[in-house]
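Fold and contact review
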Amino acid sequence: MTDIALEMPWLQNAWQDVQKRFAEDRLPHALLLTGECGVGKRAWADAVVGLLLCASPAVNTVSGKSVACGECRQCQLLAASSHPDVRVYSPEKSRMIKIDQIRSLSAFAVSSPQVSARKVAIIDRADQLNINSANALLKTLEEPVADFVLLLLQESGRPVLPTIRSRCQVLSIPLPSGDQAGQWLASKVAELEDDKQPTAELMAKSLMLAGNAPRLAFQYATGEFPGLRDEAFDKFRQFMKGQITVSEAAKAFKALGLEDMLWLFEGWAADLARLCAGGKANDHEAEEMIGFLAGINPAWRAHELLDLVREARAAGVYNVNPELEASRLLIAWRGLMPSRRRAS
Ligand SMILES: [Zn+2]
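Let me begin by describing the structure that accompanies this report. (Residues numbered from 1 in each chain as written. Predicted model: local features only at pLDDT ≥ 70, side-chain atom pairs only at ≥ 80, totals over all residues. Heavy atoms only, no water.)

1. Digging into the packing of aromatic side chains
- Per the counting criterion, the structure on display carries 11 aromatic pairs.
- Here Tyr-220 and Phe-225 contribute two aromatic rings whose centre-to-centre distance is 4.2 Å and whose plane-to-plane angle is 15°, an arrangement assigned as stacked. Grouping residues by exposure puts Tyr-220 and Phe-225 together as buried.
- Centre to centre, the rings of Phe-236 and Phe-253 are 6.2 Å apart; their planes meet at 90°, and the pair counts as edge-to-face. Here Phe-236, found in helix H11 (residues 225–240), pairs with Phe-253, found in helix H12 (residues 246–254); they are 17 residues apart in sequence, far enough to count as distant. By the burial criterion, Phe-236 is buried, and Phe-253 matches it.
- These aromatic residues form a ring-pair network of at least three members: Phe-233, Phe-236, Phe-253, Phe-265, Trp-268 and Trp-333.
- Sitting above the plane of the Phe-233 ring, Arg-229 keeps its charged end 5.0 Å from the centroid. (Phe/Tyr/Trp six-rings, centres within 6.5 Å; stacked < 30°, edge-to-face > 60°. Buried < 20%, exposed > 50% of the residue type's maximum accessible area, 1.4 Å probe, protein only. Helix = DSSP H or I, 4+ residues; strand = E, 2+ residues; numbered from the N terminus. Lys NZ or Arg CZ within 6 Å of the ring centre and 35° of its normal.)

Structure (structure tokens):
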């Protein structure tokens, strides 16, 4: 009988909203939840699914909120990820949600529930619907079925078509405070075997790199991203100073994979925009170098770099070559250096 908002307090508002609508029996047929990557959107969706399908929701003694009982057959099927009345649609290899997946969702929406009173589908992530799948989804959104609820998850800063958005009840999750994120991360890490636990230093660094998005920080703290990122950052600095060639630098970025690579470049470009505007950088380790660039470049250069990342991400659907994309972005960054240091 866990209450998600006790575990992740920053989900409180989005969770309470659902609780209230559920209690008043006026749950919308489509809810769109927005939040940063790794902030806990899926945890929220899973808690909502539990509440909607549990045969006898119980009251959590600490929060006083209705939560899934965790014991009934519905809850057991959910825990085993084998509930027939729940479907999750997420991007496939192409990084997009395809029209076939939405056709399957539409058929599921109008089918009869198998073991529960209703069916629930999660689209994780609604910002990865291509234009055809988004159009196919409109029919389901326009002709709601009484026993079907759709939860759409959207990553902040990634657009969802207005035609989809306008047909959903929109909720958002804020980032937790540094303390909340740190506590959550520490509690998750404590569940790992002793020899798998990251050091306090790595945990702090992971939180910094993840911008305090806790689930992303956990993934970083237990994965290889921080090491690969350090290597890429080193090469990035050397390249900017004209010490190595663009292809040497690009190799280090390629090792991250396209998604993480673009994420890094995007973070640095956003930091450049912040520093140009007199703010602070999120990536403390890159602050000195990016601060130097902010001092000698106009702010529009930062936005140009952000646009380049967006273009690369849009092109990512068509299997672009990560090494070529890295080279293109690195060369654009080096255009920010004073010309006398721009060795070719
Ligand atoms: Zn239950």
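Alright, that's what it looks like, and here's the rest.
2. Digging into the layout of surface pockets
- Estimates place the volume of the second largest pocket at around 750 Å³.
- Lining the second largest pocket we find 29 residues, and of these Asp-46, Ala-47, Gly-50, Leu-78 and Ala-79 sit closest to its centre.
- Of all the secondary structure elements, the ones that give two or more residues to the lining of the second largest pocket are helix H1 (4–7), helix H3 (41–53), helix H4 (73–79) and strand S4 (86–89).
- Per-element tally for the lining of the second largest pocket: the top contributor is H3, with six residues. (1 Å grid on protein atoms, 1.4 Å probe; cavity = no way out; pocket = protein on both sides within 12 Å on 5 of 7 lines; lining within 4 Å. Points joined across faces, edges and corners; volume = space filled by probe spheres on them.)

3. Some points on the pairing of strand S6 (residues 148–155)
- Counting buried positions over the eight residues of S6 gives eight, a clear majority of the element.
- A two-sided burial pattern is seen for S6, the buried positions comprising Phe-148, Leu-150, Leu-152 and Gln-154 on one face and Val-149, Leu-151, Leu-153 and Glu-155 on the other.
- Bridge count between strand S1 (residues 30–35) and S6: six bridges; the pairing is parallel. When the sheet's bridge partners are listed, Gly-35 is paired in S6 with Glu-155.
- The pairing of strand S5 (residues 119–124) with S6 spans six bridges and is classified as parallel. (Pairing = 2+ DSSP bridges.)

4. Description of the coordination of the zinc ion
- Looking at the metal site, the zinc ion is ligated by Cys-54 (SG), Cys-69 (SG), Cys-72 (SG) and Cys-75 (SG), spaced 2.3 Å from it.
- Considering all four donor atoms around the zinc ion, angles at the metal cover 103 to 117° and the coordination shape is tetrahedral.
- Mapping the donors of the zinc ion onto the primary sequence gives the spacing C-x14-C-x2-C-x2-C. In this pair, Cys-54 sits in the loop between H3 and strand S2 (58–59) while Cys-69 sits in the loop between strand S3 (66–67) and H4, placing the two residues 15 residues apart along the sequence. (Donors = N, O, S within 2.8 Å, 3.2 Å for Na, K, Ca; no water. Tetrahedral: all angles 85-135°; square planar, octahedral: opposite > 155°, others 65-115°.)

5. A closer look at H11
- With 16 residues, H11 extends 22 Å between its outermost C-alpha atoms, agreeing within 8% with the 22 Å of an ideal straight helix rising 1.5 Å per residue.
- Among the residues making up H11, those that are buried are Phe-225, Pro-226, Arg-229, Ala-232, Phe-233, Phe-236, Phe-239 and Met-240. Axial view of H11: buried residues confined to an arc of 140°, hence all on one face.
- In this fold, the buried residues of H11 make contact with helix H9 (200–209), helix H10 (214–221), H12, helix H13 (258–276), helix H14 (287–296) and helix H16 (322–334).
- Looking one or two residues past H11, Gly-242 carries a phi angle of roughly 80°, positive in sign. (Expected span 1.5 Å × (residues − 1). Arc of directions from axis to C-beta. Contact = heavy atoms within 4.5 Å.)

6. A closer look at the nonpolar core
- By size, the foremost hydrophobic cluster in this structure holds 55 residues, and its most contacted members are Phe-236, Phe-253, Met-261, Phe-265, Trp-268, Leu-272 and Trp-333.
- Ignoring any residue separated from it by four or fewer positions in sequence, one finds Trp-268 in contact with Phe-233, Phe-236, Phe-253, Asp-283, Ala-286, Ile-290 and Trp-333.
- In this structure, Met-8, Ala-14, Leu-52 and Val-67 belong to the second largest nonpolar core, which totals 30 residues. (Core = buried A, V, L, I, M, F, W, Y, C linked by side-chain atoms within 4.5 Å.)

7. Let's talk about the sheet that holds S5
- Strand order in this open sheet of five strands is S4-S5-S6-S1-S7, and the pairing throughout is parallel. One side of each edge strand has no neighbouring strand; the edge strands of this open sheet are S4 and strand S7 (169–172). Here the average twist between neighbouring strands, direction ignored, is 20°.
- Strand contacts of helix H6 (residues 131–142): S1, S5 and S6, with the helix running at about 135° to S6, the strand carrying the most contacts. (Axes fitted to C-alpha atoms, helices over the stretch in contact; angles between N-to-C directions.)

8. Thoughts on empty space enclosed by the protein
- This model, assessed by the stated rule, comprises one cavity of 30 Å³ or more.
- Classifying every residue of the lining of the largest cavity gives four nonpolar, two polar and no charged. (Nonpolar A, V, L, I, M, F, W, Y, C, P; charged D, E, K, R; others polar.)

9. A word on the environment of Ala-217
- For Ala-217, the location among the structural elements is in helix H10.
- Sequence spacing of Ala-217 and Phe-22 is 195 residues, and the spatial spacing of their C-alpha atoms is 32 Å.
- Setting aside residues up to four positions removed in sequence, Ala-217 forms contacts with Leu-185, Ser-206, Leu-207 and Ala-210.

10. Some points on the environment of Gly-295
- Along the chain, Gly-295 falls in helix H14.
- Judged by its relative accessible area of 64%, Gly-295 is exposed.
- Sequence spacing of Gly-295 and Cys-276 is 19 residues, and the spatial spacing of their C-alpha atoms is 7.1 Å.

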